Each structure stands twice: as C-alpha cells, then as structure tokens.
Number of protein chains: 2
Amino acid sequence: MSVTPPPSRLRSLKAVLPSSAVPDGTRRRILEAALQLFASRGFHGASIRDLATALELRPSALYAHFPSKEHVLAELVRMGHEAHHEGLRTALLGAGSEPIEQLRALVRAHTLLHANHPQLAVVVNEEIHVLPPELAAPSLALREQSAALLHAVIERGRAQGVFSVPHAGVTAAAISTLGLRLPYWYEPSAALDVDMLADLHVELSLRMLGVQGPPAPVS
Amino acid sequence: MSVTPPPSRLRSLKAVLPSSAVPDGTRRRILEAALQLFASRGFHGASIRDLATALELRPSALYAHFPSKEHVLAELVRMGHEAHHEGLRTALLGAGSEPIEQLRALVRAHTLLHANHPQLAVVVNEEIHVLPPELAAPSLALREQSAALLHAVIERGRAQGVFSVPHAGVTAAAISTLGLRLPYWYEPSAALDVDMLADLHVELSLRMLGVQGPPAPVS
DNA sequence: GGTATCTGAACGAACGTTCGTTTCGCAAGG
DNA sequence: CCTTGCGAAACGAACGTTCGTTCAGATACC
C-alpha cells in the first residue's frame, strides 16, 4: 500500500538548481552541494563539515558566503518556492480561460517541477520546519498563493458545471499530493518519462474532478 | 497548489501508539515521547536530553530500556509498519471477493491509519532513512508486502474489467499518496471527520480507477 | 539480598561558528 | 617590465557547546 522505498537517486544524483538567478561561483556551488546533502540526510543530519568536504573547502570558508547554516537552507527554500510559484503562474497564463485547460496546465507544471527537481522538492517540503518563523514566512506566503491558484480553478470549474467533485478541499489536496510525493518513488525512464507522467497526473486529476476522460484507456 | 503549511498538531498533540503490544511502563512512555519529538523535530533534531527532559528523567536512565537512540527509532518504525500492514491485511480479509469492495477496504484502512496516527506516519516515512540497513530491512520488507496488496487488487479488478486505468503503477502510487500526505494538512473536525475523509478517499480512488461513482455529487 | 531502575558525573567526539593569517589575481605606479 | 598594494577568498586553529554514551553508586521493590 505504501509506495516503493525512497530511491537512491536523492543520494546519488547531482542536484540542479532550477533558477538561473544565482550566478556561477562558489555561492552557487555551495547551494547545489547543500541541496544534495540536505535532501539526502536532512538539515540536521548534514553538518557544515560534510558540506565543506563535499566542496573541497574548509568549514570556515563557507562563512564568507552565508552568515549561517540556516541561511543556506533558507535560501534554498525560498528559491524552491519561488520557482514553483513562478512555474504555476506562467503555466496558468498560457492556458486560456477554460477550467479544464487551466487545470491541465497547473497539474502539468506541478508534476514537471517535482519530477525534474526532486531534491529541491524534498528540502522545501520537509526542512522548512527547522527555519525560524521570520525566515520561513516569505515561503509560506508563496505557498498559500500557489494553493489559491488551484482552488480558484477548481471552484470556477465547479461553478461552470464542468467539474463535479464530492469535496473541493480534499480533492485539491489530493491533486497537490500527486506531485508532492513524486521524489519518493519516481525515477525517469524510457518507459515512463516526465512528460508521460505529467499526462497521467492530468488524467487522474480530471477523473477525480469528475471529467469524462478519453473513452479508451491510454494503456 | 501546494497544501496548507504543516499543522502545529504534530508539535502539540499527544502521540498515541496504535499497538497494544507494548505494555505500560517506562518503556512505553519513552516510545510515546520519542514519537512526539521525532515527528515534530526529526530524529537528528531531537536529542537524548530533549527526550529525557520530556520524560522528567536523566539521559542515562534511557539506556536501561534501549541500547541506543537509533534503537528507539527502529522500534517506532517497526511498530508503525507492522500496524499498517496488519491494518490493511485485516481490512482485506473482511472485504469479500469483489475488487471494488476490496479497494474500498484498503483505502479506508490506509486513510484511517494515517489520519489517526499522524506522528507515527511521519516518523515511519521520513526517518526510516537514518536507520542502518539492518535495522530498516524488516520494515522495508513489510512495506513491499503492503504495496503488493494494493497492486494485486488493482490488477485483479483490471483483469475483470471493473477497473479501467491508464497506468496501474502510477495510479497505485496516487492512491497510496492520498494517505501518506495526510499528516501534513489534515486535522479532524466536525466538518470533516476521519470517517468522512476515508469515504472521500475511497470515492477519489474509485474515480481514478475509472469506476462510476454515485450519480449525484455527495456534497 | 538480589533485580530493576534511576542518578550524577564524566567521556571523547562532533557540532556551528569565529578570527587572525595566508594566498592569489589583478590593476595602478614608477 | 617589474613592483606594489588591495580586496576577495580560503585556510588553520581554536572557541564554547552539545552530542550520544558509559559507569559506579544510590534507591526501591519483591
């Protein structure tokens, strides 16, 4: 019933930052190494010395780029939430005015972001709690905005009669969850690449919303 | 798009062990306090001294009951997996032979377990990685067995033509995920109690499996 | 009088962080 | 062309604290 054990991928795969806003250099190298370490061992499980070792630096060198270990995490969490929100917003902008198309765009973007940046998804969702409130607040605000995008689309579709859903809140949570758990079981492969996965999540989401899918099963 | 921020509930609610297999006494008190601490701060974020303080004991006293901090976690993880697997197995046994009824039983049990024991769900799913392989292995084996139960039901329903699903693996993951993310957003209330929630998850699962739900939306 | 439980003190190791010094690329001055 | 000075970056050593754990002795119960 549970899902396959967490993949070694989070441990082994090179972490990649989604944002091009961070210029190359040591600061970016630190963020990428920290992303990998925090994703695989957790914030408390990865020490400054581990991070320095991965970078072939001495621990003290890190403090020329970040004021503390917590600020490294805060920066990752902030970048993750911003990339996520921006991805959803952009997808929605290009999706026309039909609720079904809008939902398709949101679910696709949500799934692609989580499938392509699993480490960032894990850090954003599991380690944000260790941040003091003032460092977590901006990210939490973005999170609510992203949730509001989905709720608005579902509510509009329901008002128009194209969605028929037993409970809007639980259904919205279910749709979000499809993407959120991806890093824990999904690995891209030829048999199931990220694009097919996104399509499948769109199909599952529409089914939950009571929209008739294609008459013949895809596979 | 994301889901509401993690509830204070994991921090504040008294942790309750699902299993009656652990007799009352200090050992049980340790497990319950550790469950609460590990769920709210993570294994590495909660120290032996924190645990002793919560129990009004001195750190050294814990070592009369467990050989190490890791063994406390290992016991929690083992109990969680065992309660989960046992819950699913029992539910399936009382569900007759129809795939739809079997799926309803599995999803109900899965949802109820996660909704009623959110701390244990969190610890089981997030902290199992810190265990050395030999301590994690029994739990991982149980996890695979539980996953197999769901897969078998879905495959049988598909073979009988009552389920129509674009991709069995992704759909199974989606159904599992419904429960797995519950601790992060759900709080029982009169407006949405655990029983309603389980029914909703059953309905969403059946929709994903292409089963016609009740003609009129429930709410 | 043993057995189970807890205390108090201590252990070495690892933690995040600080700080004075060194290294190095590079632009300006003679 | 060589020297000088400078700022950024990294080093090396150390700081005070907290970590998980050990152990001899006190206490209480059957």
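Here's a quick rundown of the structure. Everything numeric here is computed off the predicted structure, so don't read it as measured data.

## Here's the deal with the relation of the copies chain B and chain A
Okay, so step 1: In screw terms, the move from chain B to chain A is a rotation of 180° and a rise of 0.0 Å along the axis, fitting with an RMSD of 0.0 Å. The transformation relating the two chain copies, once decomposed into turn and shift, fits a two-fold axis.
Okay, so step 2: Interface residue correspondence from chain B to chain A reaches 100%, placing this contact among same-surface, isologous pairings.

## Topic: the interface of chain B and chain A
Okay, so step 1: Counting residues at the interface gives 52 residues for chain B and 52 residues for chain A.
Okay, so step 2: Of the roughly 4600 Å² buried between chain B and chain A on both sides combined, carbon and sulfur atoms contribute 68%.
Okay, so step 3: Where chain B meets chain A, there are zero salt bridges.
Okay, so step 4: Summed over the shared surface of chain B and chain A, the result is four residue pairs in polar contact (both at pLDDT 80 or more).
Okay, so step 5: Contributing elements (two or more residues each) for the side of chain B that touches chain A: α4 (69–93), α5 (99–116), α6 (118–126), α7 (133–160), α8 (168–180) and α9 (194–208) of chain B.
Okay, so step 6: The element that contributes the greatest number of residues to the side of chain B that touches chain A is α8 of chain B, accounting for nine residues.
Okay, so step 7: Partitioned by chemical class, the residues of the side of chain B that touches chain A number 28 nonpolar, 16 polar and eight charged.

## Topic: the protein's contact with DNA strand D
Okay, so step 1: Of all residues adjacent to DNA strand D, which total 16 residues, the nearest are Arg58, Ser60 and His65 of chain A together with Tyr63 and Lys69 of chain B.
Okay, so step 2: Those atoms of DNA strand D that come within 4 Å of the protein belong to sugar or phosphate at a rate of 51%.
Okay, so step 3: Here the surface near DNA strand D is built from residues that sort into five nonpolar, six polar and five charged.

## Remarks on the environment of Ala190 of chain B
Okay, so step 1: Here Ala190 of chain B lies in the loop between α8 and α9.
Okay, so step 2: A sequence separation of 162 residues divides Ala190 of chain B from Arg28 of chain B, and the C-alpha atoms of the two residues are 31 Å apart.

## Some details on helix α3 (residues 48–55) of chain B
Residue and element names in this part refer to chain B.
Okay, so step 1: Those residues of α3 that fall on the buried side of the exposure criterion are Ile48, Leu51, Ala52 and Leu55. All buried residues of α3 lie within an arc of 95° about the axis, which places them on one face of the element. Facing away from the buried surface of α3 by more than 90 degrees, the exposed residues are Arg49, Thr53 and Ala54.
Okay, so step 2: For α3, the elements touching its buried residues are α2 (26–41) and α4.
Okay, so step 3: Glu56 sits one or two residues past α3 and shows a positive phi near 55°.

## Quick look at the protein's contact with DNA strand C
Okay, so step 1: Close to DNA strand C lie 16 residues; Tyr63 and Lys69 of chain A together with Arg58, Ser60 and His65 of chain B are nearest.
Okay, so step 2: When atoms of DNA strand C within 4 Å of the protein are sorted by moiety, sugar and phosphate together comprise 46%.
Okay, so step 3: Take Ser47 of chain A: an N or O atom from its side chain is 3.4 Å from a phosphate oxygen of DNA strand C.
Okay, so step 4: The contact in question runs from a phosphate oxygen of DNA strand C to an N or O atom on the side chain of Tyr63 of chain A, over 2.6 Å.
Okay, so step 5: Taken together, the residues that form the surface near DNA strand C break down as six nonpolar, six polar and four charged.

## What to know about the pattern of salt bridges
Okay, so step 1: Going through the model one piece at a time under the given rule, you end up with 22 salt bridges over all chains.
Okay, so step 2: Linking Arg207 of chain A and Glu203 of chain A is a salt bridge whose minimum nitrogen-to-oxygen distance equals 2.8 Å. Taken together, the residues Arg207 of chain A and Glu203 of chain A, both in helix α9 (residues 194–208) and four residues apart, mark about one turn of the helix.
Okay, so step 3: Under the relative-accessibility criterion, Arg207 of chain A is labelled buried at 12%.
Okay, so step 4: Glu101 of chain B is paired through a salt bridge with Arg104 of chain B; the nearest N and O atoms lie 3.4 Å apart. In this pair, Glu101 of chain B and Arg104 of chain B are both assigned in helix α5, three residues apart and thus about one turn of the helix distant.

What counts and how
- Counting restarts for each chain, with residues numbered from 1 along the sequence as it is written.
- Whichever chain is written first is A, and whichever ligand is written first is 1; the rest continue in order.
- Where local features are concerned, this predicted model is filtered to residues with pLDDT of at least 70; where side-chain atom pairs are given and counted, the filter is 80 or more; whole-chain, interface and lining totals use all residues.
- For side-chain calculations, the full set of non-hydrogen atoms in the structure is used, while hydrogens and water are omitted.
- Only residues with pLDDT of at least 70 in both copies count here: their C-alpha atoms drive the least-squares fit that superposes the copies.
- Two residues form a contact once any of their heavy atoms are found within 4.5 Å.
- Summed over both partners, buried area is the accessible surface (1.4 Å probe) that two parts give up on being assembled.
- Just to be clear on terms, a salt bridge is a Lys or Arg side-chain nitrogen sitting within 4 Å of an Asp or Glu carboxyl oxygen.
- Polar contacts, as counted here, are pairs of nitrogen or oxygen atoms within 3.5 Å of one another; within protein the pair requires one atom able to donate a hydrogen and one able to accept it, and residues that are adjacent in sequence qualify only if both atoms are side-chain atoms.
- To qualify as a helix, a DSSP run of H or I must reach at least 4 residues; to qualify as a strand, a run of E must reach at least 2; elements of each kind are numbered from the N terminus.
- Each residue is assigned to one of three groups, with Ala, Val, Leu, Ile, Met, Phe, Trp, Tyr, Cys and Pro labelled nonpolar, Asp, Glu, Lys and Arg labelled charged, and all others, Gly among them, labelled polar.
- If a single non-hydrogen atom of a residue is within 4 Å of a molecule or strand, that residue counts as near it.
- In this scheme, a residue with accessible area under 20% of its type's maximum is buried, one over 50% is exposed, and one in between is partly exposed, where area comes from a 1.4 Å probe on protein chains only.
- It is the directions from the helix axis to the C-beta atoms whose arc is reported.

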